[in-house]
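# Descriptive analysis of the structure
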Amino acid sequence: MADFKAVCMQEVHSENLEKIWPALIAAIDNSEFIALDLELSGLGNRRKLMAFTMEDRYKNLVHIVQTRAVISVGISCFRRMDPTACGPCQQWVPQTFDVSVLCDEEYTVEPGSLKFLTGHGFDFNTQYAKGLPFKRGNDQVLLTVVSPCSVCT
């Protein structure tokens with residue numbers, strides 16, 4: 001079993017994205033696997049998420065995606081400490097980034113979800129003041145185009 005004493009996490013937001021962007025890309029490029037974690041403004045009726053049929057589960061998930069917003073994206077990149085090690089002797093080096101995002105559209109917020117997040121250290125002040133703006137869906141265009149950094153342009 002893994003023994004995690006401390007995992008360093010780099011906060012990413014609009015004020016430091018240009019500085020952190022190269023390290024984030026390098027971490028992704030050099031990782032053997034990546035874990036993503038999305039924090040949402042709520043999940044709706046939890047019972048509907050476990051509907052009996054996959055079709056019903058899908059419909060319920062679509063409703064959540066259309067009415068709630070992603071408020072944080074966690075990206076953990078893992079590489080082996082010793083690339084030649086295998087089996088239970090492997091040791092992994094994690095690099096974790098917490099990307100604060102802010103949806104530019106109206107969305108549902110569930111008090112229970114916010115209470116959970118604040119109880120686990122989530123900083124809504126940072127999210128609203130410095131979160132990277134986005135619109136839901138891949139076919140939306142932001143009115144103000146924000147380039148992450150000069151490296152990407």
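All values derive from a computational prediction rather than experimental measurement.

Before going further, it helps to examine the pattern of salt bridges. Counted according to the given criterion, the structure contains four salt bridges. In this structure, lysine 130 and glutamate 15 form a salt bridge, with 3.5 Å as the shortest nitrogen-oxygen distance. Of this pair, lysine 130 sits in helix H5 (residues 124–130) while glutamate 15 sits in the loop between strand S1 (9–12) and helix H1 (17–29), and the two are 115 residues apart along the sequence. Residue classification places glutamate 15 among the exposed positions, given a relative accessible area of 61%. Where glutamate 105 meets arginine 136, a salt bridge forms, and the shortest distance between an N and an O atom there is 3.5 Å. Placement of the pair is glutamate 105 in the loop between strand S4 (92–103) and helix H4 (111–119) and arginine 136 in the segment after strand S5 (132–134), with a sequence separation of 31 residues. Residue classification places glutamate 105 among the partly exposed positions, given a relative accessible area of 24%. What makes arginine 136 buried here is its relative accessible area of 18%.

Let us look at the confidence of the model for the protein. Looking at the protein, pLDDT values average 84 and 81% of them are 70 or higher. When mean pLDDT is taken per element in the protein, H1 scores highest with 95 and helix H2 (residues 46–49) scores lowest with 68.

Turning our attention to the side chain of glutamine 127. Along the chain, the position of glutamine 127 falls in helix H5. If we skip the residues at most four places from it in the chain, glutamine 127 touches Ile71, Ser100, Val101, Leu102, Tyr107 and Phe122.

With 13 residues, H1 extends 17 Å between its outermost C-alpha atoms, agreeing within 8% with the 18 Å of an ideal straight helix rising 1.5 Å per residue. Within H1, the full set of buried residues consists of Leu17, Ile20, Leu24 and Ala27. Projected down its long axis, H1 carries its buried residues within an arc of 85 degrees, all on one side. More than 90 degrees from the buried face of H1, the exposed residues found are Lys19 and Asp29. Residues of H1 that are buried make contact with S1, strand S3 (70–80), S4 and S5.

Where nonpolar side chains cluster on the molecular surface, the patch consists of Ile25, Ile28, Ile34 and Leu36 and spans about 330 Å² of accessible area. Every element with two or more residues in the nonpolar patch is listed here: H1 and strand S2 (33–40). Along the polypeptide, leucine 36 turns up in strand S2.

One broad trend across soluble globular proteins is that nonpolar side chains are buried collectively. Grouped together as the largest cluster of nonpolar side chains are 13 residues, with contacts concentrated most on Val12, Val73, Ile75, Phe97, Val99, Val101 and Leu132. When sequence neighbours within four positions are dropped, the list of residues in contact with phenylalanine 97 reads Gln10, Val12, Ile20, Ala23, Leu24, Ala27, Val73, Gly74 and Ile75.

Our focus in this paragraph is the environment of leucine 61. Within the element layout of this structure, leucine 61 appears in helix H3 (residues 54–67). Relative accessible area serves as the criterion here: at 44%, leucine 61 is assigned to the partly exposed category. Residues leucine 61 and leucine 43, spaced 18 residues apart in sequence, show a C-alpha to C-alpha distance of 8.7 Å.

On to the packing of aromatic side chains, then. Counted by the stated rule, this structure contains three aromatic pairs. Judged by centre distance (4.6 Å) and plane angle (65 degrees), the rings of phenylalanine 122 and phenylalanine 124 are edge-to-face. Take phenylalanine 122 and phenylalanine 124: they sit in the same class, and that class is buried. An aromatic cluster is built from Phe33, Phe78 and Trp92, whose rings are joined through pairwise contacts.

About the criteria used
- Residues numbered from 1 in each chain as written.
- Predicted model: local features only at pLDDT ≥ 70, side-chain atom pairs only at ≥ 80, totals over all residues.
- Heavy atoms only, no water.
- Salt bridge = Lys/Arg side-chain N within 4 Å of Asp/Glu carboxyl O.
- Helix = DSSP H or I, 4+ residues; strand = E, 2+ residues; numbered from the N terminus.
- Buried < 20%, exposed > 50% of the residue type's maximum accessible area, 1.4 Å probe, protein only.
- pLDDT = per-residue confidence, 0-100.
- Contact = heavy atoms within 4.5 Å.
- Expected span 1.5 Å × (residues − 1).
- Arc of directions from axis to C-beta.
- Patch = residues over 30% accessible without salt bridge, like charges linked within 9 Å, V, L, I, M, F, W, Y side chains within 5 Å.
- Areas by Shrake-Rupley, 256 points an atom, 1.4 Å probe, with all protein chains shown as cover.
- Core = buried A, V, L, I, M, F, W, Y, C linked by side-chain atoms within 4.5 Å.
- Phe/Tyr/Trp six-rings, centres within 6.5 Å; stacked < 30°, edge-to-face > 60°.

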